[in-house]
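Spelled out from the first residue to the last, the chains are:
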Amino acid sequence: MDEETETLLPTMLESQNSGVAFTSTDKPLYLGLKRWQWWFLVALNIAFLLVGQTVATLLGRFYYDQGGSSKWMATLVQTIAFPVLFIPLFFIPSSTKSYDPTINKPSIFVIASIYIGLGLVIAFNNMLYSVGLLYLPVSTYSLLCATQLAFNAVFSYFINRQKFTMLVLNSVVNLTISASMLAVGSESSESTKVSKGQFILGFISTLGASALYALLLSLMQLSFDKVFRRITFAVVLDMQIYTSIVATCACIVGLFASGEWNGLSAEMNGFKKGKFSYVMVLVWTAVFWQLCSVGVVGLIFVVSSLFSNAISTLVLPLIPIVAVITFHDKMDGIKVIAMLTATWGFVNHIYQNYLDDSKLQAKGTASTEAPHTSATF
C-alpha cells in the first residue's frame, strides 16, 4: 500500500462507517489500490462490458432473424455460461480482508438470500429484454435501453447516496432525451414483421427491463458496500456466479413449464443457417453475455452502479451502426440525433469522473504533505 493510501484510507473507512457519501473516484483509496491499478481495472471492465454487450445483442437478434422463436431460450443463454467464470476464480487468490476489520462477515443465510433474490430478479429482467429484442428493431432496442441510466440516477440517489453534479445531471438528461426521441419517432413502428401491438409490447418490455436493471445495479452496489465489504475481485465473480445459477435454474423451470422445450428440436432443424450455426449462436451468445455481466458487476465494484450504467450507453453508437449493416435496420434522422445525444451524455459523465479523479489526487497530495490535516470527501 503506497503512502497516499496509508494516509487517506483510515479517513475513507471512517466516512463509510459514519454514512457520509463519497464520489465514485474515491474508490481507489477506499479499495486500497494504487491509482494506475484502479484505472486498469476500470478499463478492463469497460472492455468486457462493451464487447460482451455488443456481440451478445447482435447474436440475439440474429437468433430471432434466422428462425429462433423461444423467448425462454433467449433468456436462458444470458446466464447459463456461468461455469466459465470458475476459471478466473480459480486463479484469483482468496482474501478475507474487508473494508472494516471490525465488522463481522455476513451470515450464510444473508448471503444466500441476496444471491437468490438478485438471481430471480435477473431472470425476470432478462425475459423482459428477450421480449423487447424479439419485437423491436435492434437499433431501436439498443437506443431505448439508454433510459436505464435515468432510472439508475434516481435509484443511486436514494439507495446509494450517489452525489450529482451538473455534468452528471446533463448526462442523464441527454440520455433520457435520446431514448425519448424513439418513442415519438413514427418510423420506429413501421415494421412489416411485427404488428403495432407487438411493437408496443416490445417497447414497454424494454422500458420495464431498463428500470428493473437500474434497480438491480443499485442493489448490487448496496450489497457490496454494506454487506460483503470485501476488496477482492473474487467477490465480484462470486456475485455473478451464484446469481447466475439462480437465474439459470429459474429459466430452465420456465422453459419446461411453458412447453417451449418441446419445440427446440424443430427450431434447430428449421434454423436458416443450419443446425451447427444454431448451436454456435446460442453458445457464443451465452459466453458474451457472461463477459458483459462481469464487466457490469466489476464496474459497480470498482466505481459505482451509475458509472456502470453510463458505460453501457457507450454501446449505443456501436450497435445501431452494425445493425444497419448487418440487419438492414432503418437509420433515419431521429436515430442519428438520438445517437449523437446519447454519446454527448456519455462524454459528460466520463469528464465528470475525470474531474473527480483530479480533485481526489490534489487532496491526496495535500494530505501527504500535511498528514495531521483531516481529508474531506
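Per-chain numbering applies: the sequence of each chain, read as written, is numbered from 1 onward. Only residues with pLDDT of at least 70 are given local features in this predicted model, and only at 80 or more are side-chain atom pairs given and counted; all residues enter the totals for whole chains, interfaces and linings. Think of the side-chain values as coming from all heavy atoms in the structure, minus any hydrogens and water.

When you look at the overall build of the chain in this model, what are you seeing that I'm missing?
Secondary structure elements are defined from DSSP: runs of H or I of at least 4 residues count as helices, runs of E of at least 2 residues count as strands, and each element is numbered from the N terminus. Helix and strand counts for the chain come out as 16 helices and zero strands. For this analysis, residues touch if any pair of their heavy atoms sits within 4.5 Å. For the chain, the proportion of contacts with a sequence separation of at least 24, taken over those separated by at least 6, is 85%.

Looking at this model, I keep getting lost on the side chain of Thr-75. Mind explaining?
Looking at where Thr-75 falls in the secondary structure, it is placed in helix H4 (residues 71–76). Judged by its relative accessible area of 0%, Thr-75 is buried. Pairs of N or O atoms are called polar contacts if they sit within 3.5 Å, as long as, within protein, a hydrogen donor faces a hydrogen acceptor (for residues adjacent in sequence, only side-chain-to-side-chain pairs). Looking at Thr-75, its side chain comes within polar contact range of the side chain of Ser-130, at 2.9 Å. Each residue is placed in one exposure class: buried if its accessible area under a 1.4 Å probe, protein chains only, is under 20% of its type's maximum, exposed if it is over 50%, and partly exposed if it falls in between.

Please explain the nonpolar core as it appears in this structure.
Across soluble globular proteins, nonpolar side chains have a tendency to be buried as a group. Put simply, buried Ala, Val, Leu, Ile, Met, Phe, Trp, Tyr and Cys residues joined by side-chain atoms within 4.5 Å make one nonpolar core. Tyr-63, Phe-224 and Met-239 are the most contacted members of the largest nonpolar core, which has 69 residues in total. Formed by seven residues, the second largest nonpolar core is a distinct cluster that contains Phe-82, Leu-89, Ala-234 and Val-294.

Whenever I open this one, helix H10 (residues 196–228) confuses me. Can you help?
Every α-helical turn comprises 3.6 residues, leaving residues that sit three or four positions apart pointing alike. Here H10 is 33 residues long and its end C-alpha atoms lie 46 Å apart, about the 48 Å a rise of 1.5 Å per residue gives. Once H10 finishes, Arg-229 follows within two positions and takes phi at roughly 50°, a positive value. Expected span of a helix: the number of residues minus one, times 1.5 Å.

I would appreciate a short explanation of empty space enclosed by the protein in the present structure.
To find the voids left in a structure, one rolls a probe of water-molecule size over its atoms. Think of a 1 Å grid over the protein atoms and nothing else: a 1.4 Å probe that fits but is trapped marks a cavity, an open set flanked by protein within 12 Å on at least five of seven lines marks a pocket, and residues with an atom within 4 Å of a point count as lining. Grid points are joined across faces, edges and corners, and a volume is the space filled by probe spheres set on the points. Across all of its chains, the model carries two cavities of 30 Å³ or more by this definition. For the largest cavity, the calculated volume is near 470 Å³. Residue lining of the largest cavity: 30 residues in total, with Asn-126, Tyr-129, Tyr-213, Trp-289 and Cys-292 positioned closest to the centre. Secondary structure elements with two or more residues in the lining of the largest cavity: helix H3 (35–65), helix H6 (108–135), helix H7 (138–144), H10, helix H11 (234–257) and helix H13 (275–302). Considering each element in turn, the lining of the largest cavity owes the most residues, six residues, to H13. Here the nonpolar group is Ala, Val, Leu, Ile, Met, Phe, Trp, Tyr, Cys and Pro; Asp, Glu, Lys and Arg are the charged ones; every other residue, Gly included, is treated as polar. Of the residues belonging to the lining of the largest cavity, the class tally is 16 nonpolar, 14 polar and no charged.

It is not clear to me how the packing of H10 against H13 should be interpreted in this structure. Could you clarify?
Put simply, H10 and H13 touch, their axes get as near as 9 Å, and they point 50° apart. Here H10 is positioned oblique relative to H13, judged by the angle of their axes. In terms of crossing hand, the pair formed by H10 and H13 is right-handed. In this structure, H10 contributes Tyr-213, Leu-217, Met-220, Gln-221 and Phe-224 to the contact, and H13 contributes Val-296, Val-297, Ile-300 and Phe-301. Classifying every residue of the contact of H10 with H13 by side-chain character gives eight nonpolar, one polar and no charged. Only C-alpha atoms enter the line fits that serve as axes; for helices the fit covers just the stretch in contact. Angles between N-to-C directions range over 0 to 180 degrees. Angles are sorted into four bins: roughly parallel if under 35 degrees, roughly antiparallel if over 145, roughly perpendicular if 65 to 115, and oblique for all others. Left-handed is the label given to a crossing in which the near helix is rotated counterclockwise from the far helix by less than a right angle, and right-handed is the label when the rotation is clockwise.

Sorry if this is basic, but what is going on with the side chain of Gln-78 here?
One can find Gln-78 in the loop between H4 and helix H5 (86–91). There is a polar contact of 3.4 Å between the side chain of Gln-78 and the backbone oxygen of Asn-126. Of note is the side chain of Gln-78, whose polar atom sits 3.1 Å from the side chain of Ser-130. If sequence neighbours within four positions are ignored, Gln-78 has contacts with Asn-126, Ser-130, Trp-289 and Gln-290.

How should I be thinking about the environment of Thr-165 in this particular structure?
The topology assignment puts Thr-165 in the loop between helix H8 (147–159) and helix H9 (166–184). Look at Thr-165 and you get partly exposed, because its relative accessible area is 30%. When the C-alpha atoms of Thr-165 and Gln-352 are compared, they prove to be 8.0 Å apart, with 187 residues separating the residues in sequence.

So what exactly am I meant to see when it comes to the pattern of salt bridges here?
Once their charged atoms are close, side chains differing in charge can pair, the charge on each being opposite to the other. The salt bridge criterion pairs a side-chain nitrogen of Lys or Arg with a carboxyl oxygen of Asp or Glu, the two atoms within 4 Å. Inspection of the entire model under this criterion finds one salt bridge. Two residues, Arg-61 and Asp-65, come together in a salt bridge whose shortest N-O distance is 3.0 Å. Residue Arg-61 and its partner Asp-65 are both found in helix H3; the two are separated by four residues, about one turn of the helix.

When you look at the packing of aromatic side chains in this model, what are you seeing that I'm missing?
Working definition: an aromatic ring pair is given by the centre-to-centre distance plus the angle between the planes. Between the rings of Phe, Tyr and Trp (Trp by its six-membered ring), a pair exists once the centres lie within 6.5 Å; its type follows the angle of the planes, with under 30 degrees stacked, over 60 edge-to-face, and the other angles tilted. Following the criterion strictly, the structure yields 14 aromatic pairs and no others. Look at Phe-62 and Phe-271: their rings are 6.4 Å apart centre to centre, the planes differ by 75°, and that puts the pair in the edge-to-face class. Taken together, the positions of Phe-62 in helix H3 and Phe-271 in the loop between helix H12 (264–269) and H13 put the pair 209 residues apart, joining distant regions of the chain. Its relative accessible area of 21% is what places Phe-62 among the partly exposed residues. Aromatic rings pair up to connect Phe-62, Tyr-63, Tyr-64, Phe-271 and Tyr-278 into one cluster.

Got a minute to help me understand the confidence of the model for the chain in this structure?
Atom-level detail of predicted coordinates should not be read off regions where pLDDT is low. A residue's pLDDT is the predictor's confidence in that residue, given on a scale from 0 to 100. Looking at the chain as a whole, its pLDDT mean stands at 77, while 73% of the residues score no less than 70. Looking over the chain, one finds the lowest element-wise mean pLDDT in helix H1 (residues 3–17), namely 41, and the highest in H4, namely 96. Scored below 50 in pLDDT, residues 1–25 shows 61 contacts in the model against residues more than four places distant or in partner chains. Note on residues 95–99: pLDDT under 50 across the span, and 18 contacts to partners over four residues away in sequence or across chains.

Got a minute to help me understand the packing of H10 against H11 in this structure?
How two helices sit against one another is set out by the angle between their axes and by the gap between those axes. Relative orientation of the contacting elements H10 and H11 amounts to 125°, with a least axis distance of 12 Å. Looking at the two axes, H10 sits oblique to H11. Relative to H11, the crossing made by H10 is right-handed. Counted together, Met-220, Ser-223, Phe-224 and Phe-228 of H10 and Val-235, Val-236 and Met-239 of H11 form the full contact between these two elements.

When you look at the state of the cysteines in this model, what are you seeing that I'm missing?
A disulfide bridge is the covalent bond that connects two cysteines by way of their sulfur atoms. The disulfide criterion is simple: two cysteine sulfur atoms within 2.5 Å. Per the stated rule, a full pass over the model turns up zero disulfides. Cysteine Cys-251 remains unbridged, with the sulfur of Cys-249 as its closest cysteine sulfur at 9.4 Å. The buried category is assigned to Cys-251, whose relative accessible area is 0%.

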